[in-house]
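Examining the three-dimensional arrangement
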Amino acid sequence: MVQKYEPGIQELTDFLTTSKYGLLVVEGTSMEQYLKYSVDESIRKVYSKLIDSKGLVPTYQAGEKYIKHDSNKVLFASSPFYELLSDSYPCEVIALERSYAMHSMALGFHNN
């Protein structure tokens, strides 16, 4: 029987209202730029919270390592780039696909 996983985060702004999950973003990527320079104030607040919680990671591999070891960490990454680079997708980590700024993005979660 297939289990359906329902993550506690559906949208980026959910990080503003929940303290259970922590957002991770690869430093210097377009995802970081999207959060930092968004015209949407709530998205810029997500970026401020990301910085305050030290959620910038140096590489996708580092982000994958974090989410594999902490099921409350979520990696904001480009899709399908993230899925192709991930060594443990879809067995250990999963992706929740969403579109932001006309780009397909993935929220990577630990598959528990």
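Above this text you will find the structure in question.
A quick note: this is a predicted structure, and the numbers were derived from the prediction, not measured.

**Let's talk about the environment of I67**
Tracing the backbone through its elements, the reader meets I67 in helix α3 (residues 60-69). Residue classification places I67 among the buried residues on the basis of a relative accessible area of 0%. Along the sequence, I67 and G22 sit 45 residues apart, while their C-alpha atoms lie 9.7 Å from each other.

**Focus on the side chain of E32**
Relative to the assigned elements, E32 resides in helix α1 (residues 30-37). Despite its burial, E32 pairs with no opposite charge; the closest candidate is K36, at 5.1 Å N-O. Side-chain polar atoms of E32 contact the side chain of Y47, separated by 2.9 Å. When sequence neighbours within four positions are dropped, the list of residues in contact with E32 reads V25, V26, E27, Y47 and L56.

**Focus on the packing of aromatic side chains**
Tallied over the entire structure, the rule returns one aromatic pair. Taking the centre distance of 6.5 Å and the plane angle of 50 degrees together, the rings of Y34 and F76 count as tilted. Pair noted here: Y34 is in helix α1 and F76 is in strand β3 (residues 73-78), with a separation of 42 residues, a long-range link. According to the relative accessible area criterion, F76 is buried, its value standing at 0%.

**With respect to the pairing of strand β1 (residues 22-26)**
Where burial is concerned, most of β1 is hidden: five out of the five residues are buried. Burial along β1 is two-sided: G22, L24 and V26 and L23 and V25, pointing in opposite directions, are all buried. Relative to strand β2 (residues 56-57), β1 is paired through two bridges, and the arrangement is parallel. Among the inter-strand pairings, V25 is bridged to a residue of β2, identified as L56.

Rules used in this analysis
Residues numbered from 1 in each chain as written. Predicted model: local features only at pLDDT ≥ 70, side-chain atom pairs only at ≥ 80, totals over all residues. Heavy atoms only, no water. Helix = DSSP H or I, 4+ residues; strand = E, 2+ residues; numbered from the N terminus. Buried < 20%, exposed > 50% of the residue type's maximum accessible area, 1.4 Å probe, protein only. Lys, Arg positive; Asp, Glu negative; His and termini not counted. Salt bridge = Lys/Arg side-chain N within 4 Å of Asp/Glu carboxyl O. Polar contact = N/O pair within 3.5 Å; in protein donor to acceptor, adjacent residues only side chain to side chain. Contact = heavy atoms within 4.5 Å. Phe/Tyr/Trp six-rings, centres within 6.5 Å; stacked < 30°, edge-to-face > 60°. Pairing = 2+ DSSP bridges.

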